[in-house]
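Each chain, written out:
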Amino acid sequence: MSTNQPPNLQEWQLHCVLKRASLLQYYDNFIRQGECNVLQLSESEDNEFKDVMEKVGMSKKSIHVRQFKNTLLEWVKDPGKDTHVPSYITKADISTMSPDPSDSKPTAVSVSQSGKSSVDHNLPLTQKKESQEKEVLTRVKSEKRKANLKDETSQKQTKSEVKDQEHGVHHDLTGYYDALLDDTVLDRMVLDNLISRCIIMIEDREEIIKPTTQRERNKVLLDILTERPYPTIHLFKDVLQESEPSNSYVQELVKKMISTESRDEHISWQEHEIGE
């Protein structure tokens, strides 16, 4: 990994996200591929995001991809993510937005909340420049924060709607997640069967068995299944039923899940018929 300090805001933000995700080994790959804009990457479509992961060599480890994506989305939501931007980066970025000192008069210009400028003729030239830079930085950060919040809200709604339409089967866990989490043993035979059906990979298994408690291991597996971009819960029910044939509690739980799925499909069919 490069030991040089990130020279600009975008590379510094990329460094922050990778460091938070414990994936700094990919930093140089992102730089070489010119994929430094993590804000733009967080808003990209799934295919675009996947292309970037392949370019930087991360797609070979799906665990790293999930870890990076989850960290990226959490970082974007953090209102204080740019609070500790190094001063050399702040000044460099602001100098590109500020007017050339040789073209301006020796007065300090500040921007009020209403967007109007006010002039102070009594400050020394250095203080005037610092005051101007601080005002510009404050305004830019405020506007960026508002834009990010608006984009995040819209993006959440859109993704939720698409996921509901394309992968509604994932919602089969609603009402059963806690029971699966606390009262089942989702390892050994369950994992072997899931791998044999190509629902999870061997790399996923290694990640699942890391936690020390059964509940934590169950959570890792359930989260992996619900994050898959294709239906998995229906097959998971079959695997669970086959893996625990003598466990009456598990068998009863699976029957309830199947019953819920059948009811939801019937309601969906009725709504489709009414719509036509």
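Residues numbered from 1 in each chain as written. Predicted model: local features only at pLDDT ≥ 70, side-chain atom pairs only at ≥ 80, totals over all residues. Heavy atoms only, no water.

Caption draft 1: Highlighting the side chain of Asp82. Among the secondary structure elements, Asp82 is positioned in the loop between helix H5 (62-77) and helix H6 (87-97). Exposure remark for Asp82: the relative accessible area of 12% places this residue in the buried category. When residues no more than four places from it in sequence are discounted, the contact partners of Asp82 are Trp12, Gln13, Trp75, Lys141 and Lys144. (Helix = DSSP H or I, 4+ residues; strand = E, 2+ residues; numbered from the N terminus. Buried < 20%, exposed > 50% of the residue type's maximum accessible area, 1.4 Å probe, protein only. Contact = heavy atoms within 4.5 Å.)

Caption draft 2: How the structure looks around the packing of aromatic side chains. With the rule as written, the count across this model stands at two aromatic pairs. The interplanar angle of 40 degrees and the centroid separation of 5.5 Å between the aromatic rings of Phe30 and Phe68 together place this pair among those described as tilted. Residue Phe30 is located in helix H2 (residues 27-33), and its partner Phe68 is located in helix H5; the two are separated by 38 residues in the primary sequence. Considered together, Phe30 and Phe68 belong to a single accessibility category, that of buried residues. Ring-pair connections join several aromatic residues into one group, and the members of that group are Phe30, Phe49 and Phe68. (Phe/Tyr/Trp six-rings, centres within 6.5 Å; stacked < 30°, edge-to-face > 60°.)

Caption draft 3: Fine view of the nonpolar core. Grouped together as the largest cluster of nonpolar side chains are 23 residues, with contacts concentrated most on Leu194, Ile200, Leu221, Phe236 and Leu240. The set of elements that each furnish at least two residues to this core consists of helix H8 (177-183), helix H9 (189-196), helix H11 (214-227), helix H12 (233-243) and helix H13 (248-275). The next biggest cluster of nonpolar side chains, apart from the first, holds 22 residues, and it includes Leu14, Tyr26, Val38 and Val52. (Core = buried A, V, L, I, M, F, W, Y, C linked by side-chain atoms within 4.5 Å.)

Caption draft 4: View of the packing of H9 against H12. At a minimum axis distance of 9 Å, the contact between H9 and H12 shows a crossing angle of 135 degrees. Between H9 and H12, the angle falls in the class oblique. Every pair of crossing elements has a handedness; the one defined by H9 and H12 is right-handed. For the pair H9 and H12, contact is made by Met189, Val190, Asn193 and Leu194 and by Phe236, Val239, Leu240 and Ser243, respectively. In terms of residue class, the contact of H9 with H12 is built from six nonpolar, two polar and no charged. (Axes fitted to C-alpha atoms, helices over the stretch in contact; angles between N-to-C directions. Parallel < 35°, antiparallel > 145°, perpendicular 65-115°, else oblique. Left-handed = near helix turned anticlockwise from the far one by under 90°. Nonpolar A, V, L, I, M, F, W, Y, C, P; charged D, E, K, R; others polar.)

Caption draft 5: Fine view of the environment of Thr83. Note on placement: Thr83 falls in the loop between H5 and H6. Residues Thr83 and Lys141, spaced 58 residues apart in sequence, show a C-alpha to C-alpha distance of 9.5 Å. There is a polar contact of 2.8 Å between the side chain of Thr83 and the backbone oxygen of Gly80. (Polar contact = N/O pair within 3.5 Å; in protein donor to acceptor, adjacent residues only side chain to side chain.)

Caption draft 6: Examining the environment of Asn29 more closely. Summarising the element assignment, Asn29 is placed in helix H2. Separated by 27 residues in the primary sequence, Asn29 and Val56 have C-alpha atoms spaced 5.0 Å apart.

Caption draft 7: Layout of the environment of Glu74. Note that Glu74 resides in helix H5. Given the relative accessible area of 52%, Glu74 is considered exposed. As a C-alpha pair, Glu74 and Val17 span 57 residues in sequence and 9.3 Å in three-dimensional space.

Caption draft 8: Up close: the confidence of the model for the protein chain. When pLDDT is averaged along the protein chain, the result is 75; 67% of the residues meet or exceed 70. For the stretch residues 94-121, pLDDT sits under 50, and the model shows 29 contacts to residues farther than four places along the chain or on other chains. Counted against residues more than four places away or in other chains, residues 162-171, with its pLDDT under 50, gives 18 contacts. (pLDDT = per-residue confidence, 0-100.)

Caption draft 9: Region of interest: unusual backbone geometry. Unusually for a residue other than glycine, Ser22 sits at a positive phi of about 60 degrees. Checked against the element boundaries, Ser22 lands in the loop between helix H1 (9-20) and H2. Assessed through its relative accessible area of 58%, Ser22 is described here as exposed. Although it is not a glycine, Cys198 sits at a positive phi angle of roughly 65 degrees. As for its position among the elements, Cys198 is in the loop between H9 and helix H10 (202-208).

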